[in-house]
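Commentary on secondary and tertiary structure
In case you want the letters, here they are:
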Amino acid sequence: MNKIENFESLEESANNMQEEKEMVEIICGRKGKGKTKHLLDKANTAIKSAQGNVVYLDKSQKHMYELSNKIRLINVTDFPIANCDEFLGFICGIVSQDHDLQEMYLDSFLTIAGLQDDQLQHAIEKLDIISEKYNVKFFLSISKDEMDLPECAKAKVIVSL
């Protein structure tokens, strides 16, 4: 095998490994179980080695001092977002304006996205599309038990509290 074939083989392996990783990951559990702390720790750890930008969406500024100052905190309630589709449009706007965006952390996902119970699957499917197209990884905290999540979400759970 010559050097070019070897390089192409390594590149293909790296691409396959990247495709196997979930681009949308979920931390789930009932309210008050510690999902936000896991999300904050994950974001603060990620920014240390991030090659791109990291954004944290929340329903308030409450966690401003718990996040690294290198992470952009956005208080979603500062914007007139009333439903799931408006929230997804908001996400697309953030992604379109930051070509170096690497990861987004969405705390209290059901609340900030204005989701009804039947819309969770739709929202996750749309986030999958956005993440694949623009190579942005999403981490969601969802106040539901893992067994109450739609099937498409269960495979994305990384922490269940």
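Summary of the structure given here. Predicted model only: the values in this text are computed from it and were never measured. (Residues numbered from 1 in each chain as written. Predicted model: local features only at pLDDT ≥ 70, side-chain atom pairs only at ≥ 80, totals over all residues. Heavy atoms only, no water.)

**Section: the overall build of the chain**
Within the chain, the secondary structure is distributed over six helices and six strands. Sequence-ordered secondary structure for the chain, helices as α and strands as β, is α-β-α-β-β-α-β-α-α-β-α-β. Residues classed as buried in the chain amount to 40% of the 161 residues present. Of all intrachain contacts in the chain linking residues separated by at least 6 positions in sequence, the fraction that spans at least 24 positions is 69%. Here the chain displays about 9,700 Å² of accessible surface, and carbon together with sulfur accounts for 48% of that area. (Helix = DSSP H or I, 4+ residues; strand = E, 2+ residues; numbered from the N terminus. Buried < 20%, exposed > 50% of the residue type's maximum accessible area, 1.4 Å probe, protein only. Contact = heavy atoms within 4.5 Å. Areas by Shrake-Rupley, 256 points an atom, 1.4 Å probe, with all protein chains shown as cover.)

**Side note on the environment of proline 80**
Residue position: proline 80 is located in the loop between β3 (72-75) and α3 (84-97). The sequence separation of proline 80 and phenylalanine 90 amounts to 10 residues, and the corresponding C-alpha distance is 9.9 Å.

**Structural notes on the pattern of salt bridges**
The tally for this structure, following the rule as stated, stands at five salt bridges. A salt bridge links lysine 137 to glutamate 25; the nearest nitrogen and oxygen atoms lie 3.3 Å apart. Residue lysine 137 is found in strand β5 (residues 137-142), and its partner glutamate 25 is found in strand β1 (residues 24-28); the two are separated by 112 residues along the sequence. Of the charged contacts in the structure, one is a salt bridge between lysine 37 and aspartate 41, with a shortest N-O distance of 3.0 Å. Residue lysine 37 and its partner aspartate 41 are located together in helix α2 (residues 35-49), separated by four residues, close to a single helical turn. (Salt bridge = Lys/Arg side-chain N within 4 Å of Asp/Glu carboxyl O.)

**Topic: helix α5 (residues 120-134)**
The end-to-end C-alpha separation of α5 is 21 Å, in line with the 21 Å expected for 15 residues at 1.5 Å each. Of the positions making up α5, those classed as buried are Leu120, Ala123, Ile124, Leu127, Ile130 and Ser131. Buried residues of α5, seen end-on, are gathered within an arc of 120 degrees and therefore sit on one face of the element. Away from its buried face by more than 90 degrees, α5 exposes Ile129, Glu132 and Lys133. (Expected span 1.5 Å × (residues − 1). Arc of directions from axis to C-beta.)

**Notes on the pairing of strand β2 (residues 53-58)**
In terms of burial, β2 is a largely internal element, five of the six residues being buried. Bridge count for β2 against strand β4 (residues 101-106) is five bridges, and the pairing is parallel. By the bridge assignment for β4, leucine 57 is matched with leucine 106. Pairing analysis gives four bridges linking β2 to β3, with the strands arranged parallel. (Pairing = 2+ DSSP bridges.)

**Section: the sheet that holds β2**
Hydrogen bonding along the main chain pairs the strands of a sheet, whether they run parallel or antiparallel. Strand order in the open sheet formed by six strands is β3-β2-β4-β5-β1-β6, and the pairing between neighbours is parallel. A single partner strand is all that each edge strand has here, and the edge strands are β3 and β6 (157-160). Between one strand axis and the next, the sheet turns through 15 degrees on average, direction left out of account. With four bridges connecting them, β4 and β5 associate as parallel partners. In the strand pairing of β5, methionine 104 is matched with phenylalanine 138. On the sheet, α3 packs against β2, β3, β4 and β5 and is oriented at approximately 150 degrees with respect to β4. Across the sheet, α5 touches β1, β4 and β5, and the angle it forms with β5 is around 160 degrees. (Axes fitted to C-alpha atoms, helices over the stretch in contact; angles between N-to-C directions.)

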